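Each chain, letter by letter, is given below.
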Amino acid sequence: MVFLSACTGSGTSPPTGQQGSGAAQGAPGQPTVAGRIDGLQVPWSTVYLPDGTAVISERDTAQLKTVSGGRLGTLGKVPGVVPGGEGGLLGLALSPDFARDRYLYAYFTAAADNRIARMRLAQHGDRLELGSPEPVFTGIPKAGTHNGGRIRFGPDGFLYVGTGDSQRREQPQDKMALGGKILRLTADGRPAPGNPFGGNPVYSLGHRNVQGLAWDSAGRLWASEFGPDVNDELNLIVPGGNYGWPDVTGAPHRPGFLDAKVVWPSTAESSPSGLEIVGNTAYLGALRGQRLWVVPLHGETAGTPVSYFTGMYGRIRNVSLAPDGRLWLLSNGQNPDFALILDLPR
């Protein structure tokens, strides 16, 4: 169901002791609530088909839900998903050649690992049919927590994958391990040409639990990441960059490691999950912080974050830009959960 509302959050709350390296210039104004889709269960990721239909993953049910014309529907259950803890059906991405190949990619927790599979979405009149999953990349370590899960095709046509350390602290600094990394793959799951470590899928290392991936207007990749009990991060990602975990967190200026561009010293205010960039403004959902963070980006630096809707809509799992220019937030922990649709300020 869709509920339209004119109400908005009030006030802003910049992070205490914010250590981002950009000029403290103001973020855009507050978005306004344009609608709400109820009836979801732990929604995790959203993609949009060419006709505007939204496809949403549900972590614990392994279901793919659709929203078309304001109506919530069910596309189907993804076989092989083994939910548990922070694992389950996680990130989604559409093939850059979707009009030709009809592939939907999904990152999910299976019996022995986290993996990426692709499924064809056949169109039969007004009805979508979900094909069988074809694994394209397997062996990403799994655990009860720190499973990563965000996937997204970049401007270069390659698939970027955020993984977690799966509580294996030796993995993020090991270039041969898949945990605690951002990976860069071809559409068929092979290491992408030009990766920094040769025929290795690893694009960057030293991550704890990557939760958001997005590109700014100049094609620079940014990633949101959970800190431990301090120092949540927004990072500017460069090929071969080492972001420090578990040796350092935040922005300590340690040789050999790259500092985060924004640091939230208190994870209670953030725990940044899904990330979207519109022009040169980053929008991050906060889980523990239960708010939307808005961060102006200035080239390779970031300005002071501003928060909206604090405590109003639960844990914000994901943020995505719909084809109509609206921003969709996925809320968790509301029983039932929902998608919140926002109009951006002009």
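Residues numbered from 1 in each chain as written. Predicted model: local features only at pLDDT ≥ 70, side-chain atom pairs only at ≥ 80, totals over all residues. Heavy atoms only, no water.

A.B. asks: Residue-level account of empty space enclosed by the protein, with values.
C.D. replies: Here the structure, examined in full by the defined rule, presents one cavity of 30 Å³ or more. For the largest cavity, the full set of lining residues is Arg208, Glu225, Phe226, Gly227, Asn231, Glu233, Tyr243, Trp245, Val248 and Thr249. A per-class count over the lining of the largest cavity returns four nonpolar, three polar and three charged. (1 Å grid on protein atoms, 1.4 Å probe; cavity = no way out; pocket = protein on both sides within 12 Å on 5 of 7 lines; lining within 4 Å. Points joined across faces, edges and corners; volume = space filled by probe spheres on them. Nonpolar A, V, L, I, M, F, W, Y, C, P; charged D, E, K, R; others polar.)

A.B. asks: Tell me about the pattern of salt bridges, and please be specific about residues and values.
C.D. replies: Taken as a whole, this structure holds 14 salt bridges when the rule is applied. Between Arg118 and Asp188 there is a salt bridge, with its nearest N and O atoms 3.1 Å apart. Note that Arg118 is positioned in strand S8 (residues 114–124) and Asp188 in the loop between strand S13 (182–185) and strand S14 (202–204), a separation of 70 residues in sequence. Across the pair Asp156 and Arg184 runs a salt bridge, and its minimum N-O distance is 3.2 Å. Pair noted here: Asp156 is in the loop between strand S11 (151–153) and strand S12 (159–162) and Arg184 is in strand S13, with a separation of 28 residues, a long-range link. Of the residues examined, Asp156 reaches a relative accessible area of 35% and is grouped as partly exposed. (Salt bridge = Lys/Arg side-chain N within 4 Å of Asp/Glu carboxyl O. Helix = DSSP H or I, 4+ residues; strand = E, 2+ residues; numbered from the N terminus. Buried < 20%, exposed > 50% of the residue type's maximum accessible area, 1.4 Å probe, protein only.)

A.B. asks: If you had to explain the layout of surface pockets to someone new, which residues and values would you point to?
C.D. replies: Looking at the largest pocket, its volume works out to about 430 Å³. Together, 23 residues line the largest pocket, and Thr46, Val47, Tyr48, Arg152 and Glu276 are the ones closest to its centre. Every element with two or more residues in the lining of the largest pocket is listed here: strand S2 (43–48), strand S6 (89–94), S11, strand S15 (210–215), strand S19 (272–278) and strand S24 (315–321). Here the lining of the largest pocket is built from residues that sort into 13 nonpolar, seven polar and three charged. Tallied by class, the residues present in the lining of the second largest pocket amount to four nonpolar, nine polar and seven charged.

A.B. asks: Could you give an account of the sheet that holds strand S1 (residues 32–40), naming the residues involved and the relevant values?
C.D. replies: Spatially, four strands are ordered S1-S26-S25-S24 in an open sheet, and the strand pairing comes out antiparallel. In this open sheet, the two edge strands, each paired with only one partner strand, are S1 and S24. Adjacent strand axes in the sheet meet at a mean angle of 20 degrees when their direction is disregarded. Looking at chain direction, S1 and strand S26 (residues 337–343) are connected through seven bridges and run antiparallel. By the bridge assignment, Thr32 is partnered in S26 with Asp343. (Pairing = 2+ DSSP bridges. Axes fitted to C-alpha atoms, helices over the stretch in contact; angles between N-to-C directions.)

None of the figures reported here should be taken as evidence of function without further support.
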